[in-house]
Amino acid sequence: MIGNHPMDIYDVVIVGAGPIGLATAIGLRKRGIENILVIDQTRAFRQVGQVLDLLPNGLKALKYLDNQAYEEVKKTGMGFMNPPQSHDDKNSEISQKQNPPKNSPKWIYKNFQGQIIRSIPLGFDHWLKNHGEGRVSIAWYNLQTVLRNLLPQDIVKANHRCVNVVDELENEYARIDCICNQQIKANPYAYWEDGQRQDDQPQDLDNNSQKSITKSLRAKLIVAADGINSTIRRVIYKDSFYSDFAQPEYSGFAAISCREITDIPHELQTQIAEQFLQDSPIVTIGDEPRMMLFRRPGNPFGYILHLALPCESLEGKSGSSLINLALEELAKVDFPHVLKELVRLSPPTNMQQRPYYIHRATTPDTKTQPSWSAGRVVLVGDAAHGMPPFMAQGANQGFEDALAVTALIANIAETNNWDNREAIATAFKKYEDLRRPIMTYIQRATLTRFPQSSDEEWNKYGQQVYQRNFDQLIAALL
Ligand SMILES: Cc1cc2nc3c(=O)[nH]c(=O)nc-3n(C[C@H](O)[C@H](O)[C@H](O)COP(=O)(O)OP(=O)(O)OC[C@H]3O[C@@H](n4cnc5c(N)ncnc54)[C@H](O)[C@@H]3O)c2cc1C
């Protein structure tokens, strides 16, 4: 049993030490709620994940949660824009977002003819001036690490995979069952063993079932921040009116990418550079499909294509069959010839695919929308409303959730309503009533990209999303 005593009941257990779970924990401690625990299924915290853009609304919410967290994230994110040269090129987005053009960092959007249709400045100060808060790019793992380091070490536990939640009416707590692997050493990065690092060992906990144990934790409230494939969401929706929404739904969009193409005839390189890249290291071309074309230092090209595709068309596809699928899709819209040639030259071993999933904030077919809470359990971040990353709002919206939920839980604590199920239900309903309309708007923007249709729409979207006033929102909640 974790905790000091087998009968410990935590005030709050947060499942998932991603950005939103950790921000929630920081916000709760800041508001005086210290009897908390964050658990994560990862065997050890490691360098994983993509680069995130944190935009004014997300940064404002984080600042509201805890000023120190905001300052640390800002510092790490700003350093990220001009990092020391890295040789780890695993994630193409990382090296591109971290190396914007030195003089005027901008994200350029072009049409098929190579004309600029939009140019979005990337600098912190530009966003600060326009929206009252800046913008930073930060790798998921760096964000996790910065936030994790702001919490006492003993309240963030790796190697705890939540497999079940039970919330019985007669109990003054909910129970979380998790699987832990007993073989794991406390600090796998601290030493080498038998010539092999601990984190090189097999990952699959299930195959190691004899060495795994199940632990149960008790908490007055559970915050489910376990991401788009949320186990807790599956458990609380199973056998309920919402069972159709237990699993994420395919969004209709997928990415096909090639991280590096080196063998490109000189003439083609010149044509692509002159028509599309010019001095930029990254440019976005087209709307539907859309290509993020980039060039790394040393000249290799790469791309990420966002395509509207049936999920089945991706099944079992890799290497050359992915290249063929991409070319078929590009042919349908008469995509620029030089870019199709580039795709044709992609080395099959460098090809990747990624279907994007969604938990719709509003579903068209039901009168009642899937609730983001059940009894003592509340869903936040991607577990509540995960979506494709096209408007860069997943983590930003998650921080807004964290802010709302911490304010409401702090209020439950202040009014000593931990055992008042009605007060808890009212609090979580307020959270949903506040968050669902904006999430519905953001998901519509993500799936249709309507804000990018004109400057007027872009400005309206910026006002609605980036310039939110959290003083008013929190005042309305309490
Ligand atoms: C390619 C890409 C680019 C993106 N770009 C942006 C961007 O620019 N800006 C932006 O705001 N967002 C972006 N996003 C979205 C963003 O990454 C997510 O919205 C954000 O990470 C959600 O945070 P979270 O904490 O809710 O979930 P996650 O980040 O998914 O974290 C969930 C955590 O829960 C743990 N977990 C899962 N299941 C269990 C379990 N059963 N038991 C215990 N622990 C568990 C996981 O190990 C993980 O640590 C992007 C996403 C992708 C895929």
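What you see is a predicted model, and the numbers here were worked out from it, not measured in a lab. (Residues numbered from 1 in each chain as written. Predicted model: local features only at pLDDT ≥ 70, side-chain atom pairs only at ≥ 80, totals over all residues.)

Undergrad: Just checking my understanding: could you explain the site of the ligand for this structure?
TA: Close to the ligand lie 31 residues; Gly-16, Gly-18, Gly-227, Gly-381 and Gly-394 are nearest. Sort the elements by how many residues they give to the shell around the ligand and helix H12 (residues 394-414) lands first, with 4 residues. For the shell around the ligand, a count of residues per class yields 12 nonpolar, 14 polar and 5 charged. (Near = placed C-beta within 6 Å. Helix = DSSP H or I, 4+ residues; strand = E, 2+ residues; numbered from the N terminus. Nonpolar A, V, L, I, M, F, W, Y, C, P; charged D, E, K, R; others polar.)

Undergrad: Explain unusual backbone geometry here, please?
TA: Most of the time, phi is negative for any residue but glycine, and the peptide bond is trans. Across the junction of Glu-288 and Pro-289, the peptide omega takes the value 0°, indicating a cis bond. Relative to the helices and strands, Pro-289 is located in the loop between strand S14 (282-285) and strand S15 (290-295). Despite not being glycine, Asp-239 shows a phi value in the positive range, around 60°. Along the chain, the position of Asp-239 falls in the loop between helix H7 (231-237) and strand S13 (249-261). Even without being a glycine, Gln-278 presents a positive backbone phi close to 45°.

Undergrad: Help me out: how do you make sense of the sheet that holds strand S17 (residues 351-358) in this one?
TA: Whenever strands of a sheet pair, they do so through backbone hydrogen bonds, lying parallel or antiparallel. Spatial ordering of the open sheet is given by S5-S4-S14-S15-S16-S13-S17, a layout of 7 strands whose pairing is mixed. One side of each edge strand has no neighbouring strand; the edge strands of this open sheet are strand S5 (116-121) and S17. Here the average twist between neighbouring strands, direction ignored, is 20°. Pairing analysis gives 4 bridges linking S14 to S15, with the strands arranged antiparallel. Directly across from Ile-285, in S15, lies its bridge partner Met-291. Across the face of the sheet, helix H9 (residues 319-332) comes into contact with S13, strand S16 (301-308) and S17 while running at roughly 65° to S17. (Pairing = 2+ DSSP bridges. Axes fitted to C-alpha atoms, helices over the stretch in contact; angles between N-to-C directions. Contact = placed C-beta atoms within 7 Å.)

Undergrad: Quick question: what am I supposed to make of the confidence of the model for the protein chain here?
TA: Detailed reading of predicted coordinates is not advised where the pLDDT is low. When pLDDT is averaged across the protein chain, the result is 89; 87% of the residues are at 70 or more. In this model, residues 98-102 is a region of pLDDT below 50 whose contacts with residues beyond four sequence positions or in other chains number 12 contacts. (pLDDT = per-residue confidence, 0-100.)

Undergrad: Mind showing me how you'd approach the environment of Tyr-357 here?
TA: Along the chain, Tyr-357 turns up in strand S17. Overall, Tyr-357 belongs to the partly exposed group, with 18 C-beta atoms counted inside 10 Å. When residues no more than four places from it in sequence are discounted, the contact partners of Tyr-357 are Ile-228, Pro-248, Glu-249, Tyr-250, Ser-251 and Gly-386. (Buried ≥ 20, exposed ≤ 12 C-beta atoms within 10 Å, placed from the backbone.)

Undergrad: What is the right way to read the pairing of strand S9 (residues 174-181) from this model?
TA: Two faces, one strand: in a regular strand the side chains alternate between the faces of the sheet. Along S9, the buried face is formed by Ala-174, Ile-176, Cys-178 and Cys-180; none of Arg-175, Asp-177, Ile-179 and Asn-181, which line the opposite face, is buried. Of the pairings in the sheet, the one linking strand S8 (residues 161-166) to S9 comprises 5 bridges and is antiparallel in character. What sits directly across from Asn-164, in S9, is Asp-177. In the sheet, S9 pairs with strand S12 (residues 212-224) via 8 bridges, with the strands oriented antiparallel. Looking at the pairing, Ala-174 lines up with Ala-219 of S12.

Undergrad: Teacher, can you tell me more about the nonpolar core here?
TA: Inside soluble globular proteins, nonpolar side chains tend to come together where they are buried. Val-12, Val-13, Ile-222, Ala-224 and Val-380 are the most contacted members of the largest nonpolar core, which has 83 residues in total. Sequence-distant contacts of Val-380, that is, excluding residues within four places in its chain, are made with Ile-20, Thr-24, Val-223, Ala-224, Ala-225, Gly-398, Asp-401, Ala-402 and Val-405. Core analysis: the next-biggest nonpolar cluster, separate from the first, contains 32 residues, Ile-256, Leu-293, Phe-335 and Tyr-356 among them. (Core = buried A, V, L, I, M, F, W, Y, C linked by C-beta atoms within 7 Å.)

Undergrad: Where do I start with helix H10 (residues 337-344) in this structure?
TA: Note that an α-helix has 3.6 residues per turn; residues three or four places apart therefore point the same way. Residues of H10 that are buried include every one of Leu-339, Leu-342 and Val-343, and no others. Each buried residue of H10 lies within a common arc of 100° when the element is viewed along its axis, so the set occupies one face. Looking at the buried side of H10, the elements it contacts are S13, helix H8 (266-277), S14, S15, S16 and H9. (Arc of directions from axis to C-beta.)

Undergrad: Got a minute to help me understand the packing of H12 against helix H13 (residues 421-448) in this structure?
TA: Working note: a packed helix pair is described by the angle between its axes plus the distance between those axes. Remark: H12 packs on H13, axes separated minimally by 10 Å, with the N-to-C direction vectors making an angle of 165°. Overall, the two elements H12 and H13 adopt an arrangement that is roughly antiparallel. Regarding H12 and H13, the two cross each other, and that crossing is right-handed. Across the interface between the two elements, Gln-397, Glu-400, Asp-401, Ala-404, Val-405, Leu-408, Asn-411 and Ile-412 of H12 pack against Ala-423, Ile-424, Ala-427, Lys-430, Tyr-431, Leu-434, Arg-435, Met-439 and Ile-442 of H13. Classifying every residue of the contact of H12 with H13 by side-chain character gives 11 nonpolar, 2 polar and 4 charged. (Parallel < 35°, antiparallel > 145°, perpendicular 65-115°, else oblique. Left-handed = near helix turned anticlockwise from the far one by under 90°.)

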